[in-house]
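Listed here are the chains, written in short residue letters.
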Amino acid sequence: MLNQPTGTPKYPVQTLEKALEVIDILKSGPSEGMRIKELSDRLGMGKSTIHRILDTLAAHRYVEKSSEGNRYRLSWKLFEVGNVIPRQRNLENIDAGVLKGLCDKFKETVNLGIRVNNTLVIVSKVAPRQGAIMAGLYVGEQEPLHCTALGKVLISEQNIRDIFKEETLQQYTAGTITSVDALEEHLKIVREQGYAIDDEEYSMGLFCIAMPVRNYKNEIVAALSISGPAFRLNFNKVLNIIEDLREACDKLSAHFGLEPQEKN
């Protein structure tokens, strides 16, 4: 499914909007690329329009033709552009050793996520090299906010009525919170305890615990989590994780300018 625009531009440029729709389709398309007819059918645009858009994108190196010349796919130019974002937002300079340290100690997957509009985006991930069961999505992919530990942390201090316009939330498993009222009550607990958990709420068999990363204004700008199979992340292991995860979040928060808090 395509990501829908989150707002209406004041001064829309129709051709540009069409080009962005083409890029979105190619993003989710097969690795070998897509034919003009496939794009035309998916987008409901004429083949000549699609061809002109692709020709322009190719000229600027945002898409490339296959060797046979009848398929198009995204090019490395977009990868180059995308890699600028973490650097501009000071994510690229985060000490990756903080994530790796957690991963090495607990032998589980460590994720760093941010909120982009109404989704959670994983921006960094460290997985154990041996004996790992892959937990979560790949870097750059998206997850919902309401049923993931990272997502719940990211919205825990927000007015969620501004985020979720519908009263009913999408259900992924039997454990998913499916109403905004219930989520509001749940987030009160998240704020009180300082962490959120996802106990098979988004994916069966997956457990995750997450805590906030804050900036110099004490605002939540990211969330850090440890995730793994539910059978392995038992109560005792989670208790052991909490303090180390909190220390890791403190280190990352210091990177964003948060002054260390005095401990009682």
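In this report, we go over the structure that sits alongside the text.

Basis of the calculations
Residues numbered from 1 in each chain as written. Predicted model: local features only at pLDDT ≥ 70, side-chain atom pairs only at ≥ 80, totals over all residues. Heavy atoms only, no water. Helix = DSSP H or I, 4+ residues; strand = E, 2+ residues; numbered from the N terminus. Buried < 20%, exposed > 50% of the residue type's maximum accessible area, 1.4 Å probe, protein only. Contact = heavy atoms within 4.5 Å. Areas by Shrake-Rupley, 256 points an atom, 1.4 Å probe, with all protein chains shown as cover. Lys, Arg positive; Asp, Glu negative; His and termini not counted. Charge placed at Lys NZ, Arg CZ, Asp CG, Glu CD. 1 Å grid on protein atoms, 1.4 Å probe; cavity = no way out; pocket = protein on both sides within 12 Å on 5 of 7 lines; lining within 4 Å. Points joined across faces, edges and corners; volume = space filled by probe spheres on them. Expected span 1.5 Å × (residues − 1). Arc of directions from axis to C-beta. Core = buried A, V, L, I, M, F, W, Y, C linked by side-chain atoms within 4.5 Å.

**Re the overall build of the protein**
- Scanning the protein from N- to C-terminus turns up 9 helices and 8 strands.
- Projected onto its principal axes, the C-alpha positions of the protein cover 65 × 40 × 35 Å.
- Here the protein holds 264 residues, and the buried ones make up 39% of them.
- A separation threshold of at least 6 residues defines the contact pool for the protein, and within that pool the share at least 24 residues apart is 54%.
- Carbon and sulfur atoms make up 50% of the accessible area of the protein, which totals about 15,800 Å².
- Considering the protein, the positive charge centre built from 33 side chains and the negative charge centre built from 35 side chains are found 6 Å apart.

**Remarks on the layout of surface pockets**
- A volume near 670 Å³ is recorded for the second largest pocket.
- Arg214, Arg246, Asp250, Leu258 and Gln261 are, among the 24 residues lining the second largest pocket, the residues nearest its centre.
- Among the elements of the structure, helix 8 (180-193), strand 7 (206-214) and helix 9 (235-255) are those that each provide at least two residues to the lining of the second largest pocket.
- Per element, the largest residue contribution to the lining of the second largest pocket is 6 residues, and it comes from helix 9.

**Here we look at helix 3 (residues 47-59)**
- Counted at 1.5 Å a residue, the expected span for helix 3 with its 13 residues is 18 Å, and the 18 Å between its end C-alpha atoms agrees.
- Buried within helix 3 we find Thr49, Ile50, Ile53, Leu54 and Leu57. Along the axis of helix 3, the buried residues cluster in a sector spanning 130 degrees; they form a single face. Facing away from the buried side of helix 3, by more than 90 degrees, are the exposed residues Lys47, Arg52 and Ala59.
- On its buried face, helix 3 sits against helix 1 (14-27), helix 2 (36-43), strand 1 (63-65) and strand 2 (72-74).
- Just past helix 3, the residue Arg61 takes up positive phi, approximately 65 degrees.

**What about the nonpolar core?**
- By size, the foremost hydrophobic cluster in this structure holds 28 residues, and its most contacted members are Leu112, Ile209 and Leu224.
- Put simply, the parts of the chain that give this core at least two residues each are helix 6 (96-106), strand 3 (109-116), strand 7, strand 8 (220-229) and helix 9.
- When residues of this core are assigned to their parent elements, the largest contribution, 7 residues, is made by helix 9.
- Listed in part, the 22 residues of the second largest apolar core include Ala149, Leu154, Ile163 and Phe164.

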